[in-house]
Protein chains: 4
Amino acid sequence: MSHNTFGHLFRVTTWGESHGPALGCVVDGCPPGIRFKLSDIQDDLDRRRPGQSRFVTQRREPDQVRILSGVVSDPDDEEILITTGTPVSMMIENVDQRSKDYGEIARQYRPGHADYAYDMKYGIREYRGGGRSSARETAARVAAGALARKVVPGVVVRGALVSIGVKDIDRANWDWDYIGDENNPFFTPDPKSVPVFEEYLDGLRKAGSSIGAVIEIVAENVPAGLGAPLYAKLDQEIASNLMSINAVKGVEIGDGFATARMTGEENADEMRMGNDGKPLFLSNHAGGVLGGISTGQPVIARFAVKPTSSILTPRQSIDVDGNPVDVRTKGRHDPCVGIRAVPIGEAMVSCAIADHYLRHRGQTGRIG
Amino acid sequence: MSHNTFGHLFRVTTWGESHGPALGCVVDGCPPGIRFKLSDIQDDLDRRRPGQSRFVTQRREPDQVRILSGVVSDPDDEEILITTGTPVSMMIENVDQRSKDYGEIARQYRPGHADYAYDMKYGIREYRGGGRSSARETAARVAAGALARKVVPGVVVRGALVSIGVKDIDRANWDWDYIGDENNPFFTPDPKSVPVFEEYLDGLRKAGSSIGAVIEIVAENVPAGLGAPLYAKLDQEIASNLMSINAVKGVEIGDGFATARMTGEENADEMRMGNDGKPLFLSNHAGGVLGGISTGQPVIARFAVKPTSSILTPRQSIDVDGNPVDVRTKGRHDPCVGIRAVPIGEAMVSCAIADHYLRHRGQTGRIG
Amino acid sequence: MSHNTFGHLFRVTTWGESHGPALGCVVDGCPPGIRFKLSDIQDDLDRRRPGQSRFVTQRREPDQVRILSGVVSDPDDEEILITTGTPVSMMIENVDQRSKDYGEIARQYRPGHADYAYDMKYGIREYRGGGRSSARETAARVAAGALARKVVPGVVVRGALVSIGVKDIDRANWDWDYIGDENNPFFTPDPKSVPVFEEYLDGLRKAGSSIGAVIEIVAENVPAGLGAPLYAKLDQEIASNLMSINAVKGVEIGDGFATARMTGEENADEMRMGNDGKPLFLSNHAGGVLGGISTGQPVIARFAVKPTSSILTPRQSIDVDGNPVDVRTKGRHDPCVGIRAVPIGEAMVSCAIADHYLRHRGQTGRIG
Amino acid sequence: MSHNTFGHLFRVTTWGESHGPALGCVVDGCPPGIRFKLSDIQDDLDRRRPGQSRFVTQRREPDQVRILSGVVSDPDDEEILITTGTPVSMMIENVDQRSKDYGEIARQYRPGHADYAYDMKYGIREYRGGGRSSARETAARVAAGALARKVVPGVVVRGALVSIGVKDIDRANWDWDYIGDENNPFFTPDPKSVPVFEEYLDGLRKAGSSIGAVIEIVAENVPAGLGAPLYAKLDQEIASNLMSINAVKGVEIGDGFATARMTGEENADEMRMGNDGKPLFLSNHAGGVLGGISTGQPVIARFAVKPTSSILTPRQSIDVDGNPVDVRTKGRHDPCVGIRAVPIGEAMVSCAIADHYLRHRGQTGRIG
C-alpha cells in the first residue's frame with residue numbers, strides 16, 4: 001500500500017486520530033451512477049460503534065457520517081444519493097474525547113503497544129487515545145466498505161467471529177441470521193456460544209485482562225475472474241487489506257494453514273458441471289480463489305486479532321529516558337478488540353473485491 | 001500491488017513464463033553505490049534451483065542470471081558491480097523446455113489448479129508449464145531479493161522449513177548452520193527431522209501424491225522505525241509479499257494465529273533497558289513489529305504452502321466444454337513445493353524490508 | 001497521476017465540488033516534526049481567494065481552513081502546530097452557494113466547457129458551479145502547497161503573471177516585492193503593467209468576454225540532485241502538476257519552446273566555479289533542471305491558462321438531445337482566470353519539489 | 001510517475017543504458033487477446049533507428065526486438081502473436097558500442113548535459129553514451145507504444161515535425177502520406193520544407209552545431225470520455241509522458257500557449273449535431289480535450305525538443321574537482337535530436353491513450 005491509500009482503481013485514503021476533531025476517508029475512483037442511501041453507510045457504522053454492550057469500550061461516539069463530496073441527490077427522491085464518479089469524501093466527527101491525565105503514558109513505553117516503535121519512527125508521538133492506531137480509525141474503513149459493497153452487483157460480504165481466546169464456536173450451529181440478533185453481542189453465528197463467551201469475557205474483564213479472537217469473512221456472488229496469477233492475487237490483496245487493520249497478526253484464505261498439513265488429493269476441489277451451466281465445485285478448500293483468481297465460489301478469509309495490551313496488570317517496561325517502570329493501563333478498553341473487528345473485516349474484503357472488479361473490467365472488458 | 005510490480009521505493013517488476021525464452025525482473029529505485037558480485041545473486045538462485053534432490057522437480061535449469069542494466073564494474077576490481085541508481089534488469093533464460101503432449105491439459109480444468117480461473121479472467125491461457133503461475137517465476141523474485149539484501153546495512157534474512165504435512169521440526173534442535181548443509185535437502189534447521197521427512201516424502205512421492213509445508217523467515221538487525229501504523233505496516237507488506245507467491249494460503253507474524261488464543265498479559269513483550277543503551281525485550285510474541293513498525297527485534301513471519309495439485313491420482317473435473325473428465329497429472333513435479341519456497345520467502349521479506357528502509361529514510365530522514 | 005492523488009512520498013489527495021458542503025485535501029507522507037502556524041496555510045489561501053478586486057469573480061468565500069488530523073500543538077506555544085507524520089486532513093467549507101437557475105445549463109453543452117465530455121465519461125454530471133472542475137477546487141491545492149513549502153529547508157517558491165492576452169509585462173521592471181502590493185490586483189511583477197492590464201481587462205469585462213494568461217513560477221534554493229534522468233524527471237513532474245490545473249493548456253521549463261529555435265551553443269549553460277565552492281552557471285536556459293535533475297539553479301516553469309468559456313456572447317452548441325441551441329453564460333465569472341492561478345501554480349510546484357526531496361533522500365540518503 | 005514505470009492500468013517499465021548489453025521494457029496490464037505481428041513492433045522501431053540519413057547519428061544499431069514473455073502464437077498462423085494478459089517483456093540488444101576514449105568526459109561536466117546533476121543525485125555516473133539519458137533508451141518507449149496502438153480499436157496516432165530551429169513548415173502543404181516517403185529524412189508533412197531543412201541542417205552539421213525542433217502528435221478516433229476532470233486529465237498525462245522524454249522542455253495541447261492570447265469567443269469550439277448522430281465541433285482549439293476528458297475530436301499535442309549540447313564549439317565548464325575546463329564534444333551525434341523524436345512522441349501519446357481507455361472502462365464500464 002502507498003501510505004494511507006489502498007486500492008488501485010477503487011482507492012480509499014483514510015485520515016484521522018482518536019483525539020482530533022474528526023476522522024474520515026476519501027473514496028476515489030468509485031463508478032458513477034451508484035445509488036445508495038446515507039443510512040446504508042450509517043447502518044454499517046452503527047454495527048462497529050462502541051458502547052453497545054459491556055464487552056466493548058464504553059466510549060460514547062455517535063459516529064454520524066457526513067458525505068462532503070462526490071454525490072448528487074436523485075431529483076425524484078432526495079434520500080437517494082448517486083455517485084458522480086468524483087472523490088467521495090466522508091467525515092465522522094469525534095465527540096467523546098474525554099480528557100484524562102496522560103502524563104505518565106506520554107513518557108512511558110507501554111509493553112505490546114506501538115509507543116516505542118512510534119518514537120523510533122517519527123520522533124514525535126500522539127499518545128492520546130492511541131493516536132493514529134486508535135480503533136476509532138476503523139470507522140473510516142467501514143464507511144468506505146459500505147460504498148464498496150455497492151460496486152459489484154449481487155455481491156454479499158458477511159463476517160462472523162469464530163473464536164474468542166480458547167473458546168471456539170461450533171460450526172454445526174452456524175446461522176448467519178443470528179449474527180445481527182439483538183441478544184448477540186459477539187457477531188457469533190452460533191447461538192450456543194453466547195453464554196460461553198459471556199462467562200469467559202466477564203472473567204477476563206473483571207481481571208482487567210484481555211483476549212484475542214479469530215474472525216471469518218465470507219463473500220458470496222463474487223464473479224469468477226477477479227485477481228491475477230501473481231502479485232495482484234485476489235487472496236493476497238484481501239490478506240493485505242486485513243493485515244492493515246490494527247492488531248491483526250495473521251491471515252489465511254480458505255483452509256489456510258490447514259492446507260500445509262494436507263495432501264494434494266485432500267486439498268484439490270473437484271469439479272462437475274452444474275445444472276445452471278456453471279461449474280459446480282464439490283468442495284471449497286481453496287476459499288474461492290485459485291491461482292490468485294476468483295472461481296465464483298464463496299471467497300473465504302480468516303484473520304487473527306491479538307489481545308489488546310491495555311490491561312490492568314502491571315507489566316515491566318521503560319520510559320523515554322530508559323528508566324525501568326511498571327506500566328498499568330487504566331481507562332476505557334475493549335477486553336476483546338476482535339469482536340468489533342467483524343464489520344471492519346467485511347469492509348476491507350469488500351474494498352478488495354470492488355477494486356479487483358474494476359481492474360478486471362478495465363484490463364479485460366469481460367464484465368460489466 | 002500494482003500488477004506485477006511491488007514495492008514503493010525499492011520497486012520490483014517481474015515477467016516471464018515457464019515455457020517462454022526467458023524470465024526476469026527489473027529492480028527500480030535501488031540506491032546508487034551498492035557493491036555486490038554476480039555470484040551473490042547466483043548463489044541465492046542456486047539455492048532455489050530444481051533438480052538438486054529427489055524431493056524436488058527433476059527439471060534441469062542452470063538458472064544463470066545476466067544483469068543487463070543499472071550497474072558498472074569497479075575499475076579496480078572487475079568482479080565488483082556497483083549500482084548506478086537506474087533500473088537493474090536481470091534475466092534468466094529458460095533452457096529445459098522439454099516438449100510433451102499438452103493436448104489434454106489444454107482442454108481440461110485440473111482440480112486445484114488455476115486453469116478454470118485463468119479462462120474466466122483472460123479467455124486465453126498459456127497452459128504449458130503453468131504459464132505465469134509456474135514455480136520458475138520465483139527465480140525472478142530470488143534475484144531481486146538478493147539485491148534487496150544489500151540495501152539495509154547489517155540486515156540478515158534467513159528462512160527455514162518448519163513442517164512438512166503433519167511432521168513438525170523440533171524447535172529445540174534449531175541450528176541455522178545446518179540449513180545449508182549438503183546433506184540437508186529440506187532447508188530444515190533440525191538435523192533430526194531429515195530422516196523423518198525423507199521417509200514421509202518418499203511415501204508420498206511413490207504414491208504420486210503431494211503435501212503442504214510451513215516456512216518461517218527471520219530477519220535480524222532490522223532497524224527500529226520501519227513501517228507505518230496502518231496501511232503500510234511492515235508486517236502487512238511482508239504478508240502481502242509472501243501471499244503474492246504462488247500456492248501460499250496463509251501468513252502470520254510473530255505468534256500469529258496463536259495470539260488469538262492469548263491474554264494481554266501473555267502476549268505483551270515486556271521491556272527493560274539493555275546494556276548497549278538499547279531497549280531489551282524480554283520476549284518476542286510480536287515478531288519484531290508493534291503497531292506496524294519494527295522495534296529492532298528480529299522480524300518473524302511464517303507462511304503456509306498448499307500441496308501442489310499436480311498428482312497422479314485421478315480427480316473429477318470438467319473440460320472447457322463442460323464435459324466431465326478425470327484428470328491425472330503426469331510429468332515432473334515437486335511432491336512438496338514448499339521446500340524450495342524457503343529462499344523465495346527470504347527474498348520477499350528482504351524486498352519488503354529494503355523498501356521500507358528507503359521509505360522511512362525518505363519520510364523522516366532519521367536513518368542512513 | 002492516480003486519480004485525484006498526486007505525489008509519490010509527499011502525497012496529496014483532493015476532493016470536493018463547488019456546490020457541496022466543503023472541499024479539502026489529505027496530505028499523506030509529510031515528514032514528522034514540521035512546525036507551522038495555521039496562518040501560514042490561511043495566508044496562501046487568502047491570496048487565491050475570489051472577490052478581492054473587480055477583475056475576479058465576486059463570489060464571496062471566506063475560505064477558512066480547518067486542520068482535522070496529523071498535527072499536535074506545541075505545548076509551549078499553542079499557535080505552533082507540529083506534524084506527526086500521519087495524514088494531514090484539511091477542509092474548507094463552501095459558504096456562498098448562491099442558488100440560481102441552472103435549468104438550461106443542466107441540459108446544454110456549453111462550448112469550451114467540459115459538459116459534453118463529462119456526459120461521455122460519467123453519464124451523470126454535477127453541472128452546478130462547474131462541479132469538480134470548479135476553480136474552487138484549487139483552494140485544496142493551495143492548502144497542500146502551503147504545507148509543502150515547509151518540507152525543503154530554505155526553498156522559496158514564488159509566482160508572477162507575465163502576460164494577459166496580448167499584453168506582456170516588461171521583464172526589465174521585474175520586482176518580486178511588488179507582487180504582494182495592495183494596489184496590484186494582478187500578481188504582476190511589473191508596476192507599469194497595472195494600468196495597461198486594468199484598461200485591457202475592463203474592456204473585456206464590460207464586453208462579457210474573457211482572456212487567457214501566462215504565469216511564471218520560480219523556485220529558489222532547490223537542492224541539486226532532485227528528480228531522475230527519465231520518467232520521474234523533476235521538470236516532468238512540475239509540468240504534470242501544472243497541467244493538472246483546470247484550464248491549463250501548455251507548460252514549459254526554462255526557455256521552453258524557445259529552445260526549439262536555439263542552437264546548442266546558445267542553449268548550453270556554461271559553468272565556472274563560484275566563490276562559495278559551488279558551481280556558478282553563467283546562464284539558466286535550462287530552468288534549473290538538466291537531464292531531469294535539479295542543478296541548484298532557480299527552477300523556472302511557465303504555464304498557459306486559456307480564457308474561460310463562460311462568456312456573455314451567445315455561442316452555437318447543442319443540448320443533451322442534440323438540438324441546436326445558443327448558449328450564453330450568465331453569473332459570476334473571472335474575466336481572466338489566469339490571475340488567481342499564480343498561488344495555485346506556486347502550490348503545485350512546491351508539492352513537486354517536496355515530493356522529490358523526500359524521494360531523493362529515500363533512494364540516495366544524500367540529503368537531510 | 002513512479003520511477004521508471006508509467007501508466008496506471010497499461011503500465012510500462014523501461015530499463016537499459018546505451019553501453020550495457022541491452023535495453024528494453026515490460027508492458028504490464030495489457031489486455032489479453034490482442035493480436036499483432038512482431039513486424040508491427042519492428043516497423044515502429046525501424047522508423048526511430050539511427051543511421052538512416054546524414055542528419056542523424058551514424059551509430060549503427062539493428063534494433064532487433066525480441067519478445068520474451070506474455071504472448072502465445074496463434075496455432076493457425078505462427079506469425080500472429082496473441083497477448084495472454086501477463087507481462088510482455090521486450091528486449092533490444094546493443095550492438096554498436098564503439099569503444100572510444102571517455103577519459104576526459106568522465107571527469108568533466110559538459111555544459112547543458114546532465115553530468116553535474118547526475119553526480120549531485122547519485123554520486124556515481126555512467127558517462128558512456130549518456131548512460132540512462134541516452135537517446136537509445138527511447139527504443140523501449142517505441143516498442144511499448146507499438147503495442148499500445150493495438151489496445152484502442154480504430155485509434156490512429158501519427159506525428160510530424162513542424163519546425164527545425166527557426167524554419168517552420170507551411171501547414172497549407174500538410175500531407176500525412178509524405179511523412180513516410182523515402183526521400184523525406186525529417187518526418188515533415190510538408191514536401192517543400194525538405195530542401196529548406198536540408199540546407200539549414202547541413203550548415204549546422206558542418207559547423208558542429210545543433211538545433212532544436214517542435215513535433216506535433218495527432219491521435220484520431222479517440223473515444224469521447226477518456227481522462228478525468230483533474231489530476232488524471234488526458235492532456236496532463238499526455239504532457240507528462242512527452243515531458244518524460246529526454247531533452248523535451250515544453251508541451252502544449254491544442255492551441256496551447258496561443259490560447260493565453262485568445263478571448264473566450266475565439267477559443268471556444270462551437271458545436272452542432274453531425275449527420276452521424278455525433279456532435280460536430282466547428283473548430284478544435286481545445287485539441288480534443290475539454291476539462292481533461294476527450295471529446296472525440298482529434299487529440300493534438302506539441303512538444304519542444306532542445307538542441308543537443310554535444311557540439312564541437314568549446315564551451316566553458318568545470319571538472320569534478322572544480323577546475324575550469326573548456327569542453328568540446330566529439331563523436332557521433334544528431335545535429336537535431338528532435339527529428340527522431342517523432343515516433344517516440346507517437347509512442348508516448350499512444351501509451352497515454354491506451355492507459356486511459358482501460359481506466360475509463362474500469363471505472364465506468366461504458367466502453368469495450
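See the structure shown above.
Given the structure is predicted, the values throughout are model-derived calculations rather than measurements.

Rules and cut-offs
Residues numbered from 1 in each chain as written. Chains lettered and ligands numbered in written order. Predicted model: local features only at pLDDT ≥ 70, side-chain atom pairs only at ≥ 80, totals over all residues. Heavy atoms only, no water. Least-squares fit on C-alpha atoms with pLDDT ≥ 70 in both. Contact = heavy atoms within 4.5 Å. Salt bridge = Lys/Arg side-chain N within 4 Å of Asp/Glu carboxyl O. Helix = DSSP H or I, 4+ residues; strand = E, 2+ residues; numbered from the N terminus. Buried < 20%, exposed > 50% of the residue type's maximum accessible area, 1.4 Å probe, protein only. Lys, Arg positive; Asp, Glu negative; His and termini not counted. Polar contact = N/O pair within 3.5 Å; in protein donor to acceptor, adjacent residues only side chain to side chain. Buried area = accessible area lost by both parts, 1.4 Å probe. Nonpolar A, V, L, I, M, F, W, Y, C, P; charged D, E, K, R; others polar. Axes fitted to C-alpha atoms, helices over the stretch in contact; angles between N-to-C directions. Left-handed = near helix turned anticlockwise from the far one by under 90°.

## Considering the relation of the copies chain D and chain A
Stage number 1. Aligned on chain A, chain D shows an RMSD of 0.0 Å; the corresponding rotation is 180° and the shift along the axis is 0.0 Å. Accordingly, the operation relating the two chain copies is best matched by a two-fold axis. Minimal C-alpha distance to the rotation axis in chain D is attained by Gly 362 of chain D, lying at 1.8 Å.
Stage number 2. Both copies present the same face, since 100% of the interface residues in chain D are matched by interface residues at the equivalent positions in chain A.

## Points about the pattern of salt bridges
Stage number 1. Enumeration over the complete set of coordinates arrives at 91 salt bridges over all chains.
Stage number 2. When the shortest N-O distance is used, the salt bridge between Arg 107 of chain C and Asp 321 of chain C registers 2.3 Å. Note that Arg 107 of chain C is positioned in helix α2 (residues 103-107) and Asp 321 of chain C in the loop between β18 (315-318) and β19 (324-327), a separation of 214 residues in sequence.
Stage number 3. Residue classification places Arg 107 of chain C among the partly exposed residues on the basis of a relative accessible area of 41%.
Stage number 4. Arg 302 of chain C is paired through a salt bridge with Glu 216 of chain C; the nearest N and O atoms lie 3.1 Å apart. Highlighted residues: Arg 302 of chain C in strand β17 (residues 299-305) and Glu 216 of chain C in strand β11 (residues 213-220), separated in sequence by 86 residues.
Stage number 5. We classify Glu 216 of chain C as buried; its relative accessible area is 5%.
Stage number 6. Put simply, Asp 44, Arg 47, Arg 149 and Glu 346 of chain A are held in one network by salt bridges that share partners.

## A look at the side chain of Asp 190 of chain D
All names here are of chain D.
Stage number 1. Within the secondary structure, Asp 190 is located in the loop between β10 (167-168) and α5 (193-206).
Stage number 2. No salt bridge is formed by the buried Asp 190; the nearest opposite charge belongs to Lys 192, separated by 6.7 Å.
Stage number 3. Among the polar contacts made by the side chain of Asp 190, one reaches the side chain of Asn 173 at a distance of 2.9 Å.
Stage number 4. Beyond its immediate sequence surroundings of up to four residues, Asp 190 is in contact with Ile 169, Asp 170, Asn 173 and Tyr 178.

## Things to note about the interface of chain D and chain A
Stage number 1. At the junction of the two partners, chain D supplies 15 residues and chain A supplies 15 residues.
Stage number 2. Roughly 1,200 Å² of surface becomes buried between chain D and chain A when both sides are summed, with 54% attributable to carbon and sulfur atoms.
Stage number 3. Taken as a group, His 8, Arg 361 and Gln 363 of chain D account for 42% of the area that chain D buries against chain A, more than any other trio of residues on that side.
Stage number 4. Across the contact surface, chain D and chain A share zero salt bridges.
Stage number 5. Here chain D and chain A share 10 residue pairs in polar contact (both at pLDDT 80 or more) between them.
Stage number 6. Per-class residue counts for the side of chain D that touches chain A are five nonpolar, eight polar and two charged.

## Examining the packing of helix α6 (residues 234-243) of chain A against helix α8 (residues 341-364) of chain A
Residue and element names in this part refer to chain A.
Stage number 1. Relative to each other, α6 and α8 sit at 145°, their axes nearing to 9 Å. Once α6 is placed against α8, the crossing between them reads as right-handed. Packed against α6, whose contacting residues are Leu 234, Glu 237, Ile 238, Asn 241 and Leu 242, the element α8 presents Gly 345, Met 348, Val 349, Cys 351, Ala 352, His 356 and Arg 359 at the interface.
Stage number 2. Within the contact of α6 with α8, the residues separate by chemical class into seven nonpolar, three polar and two charged.

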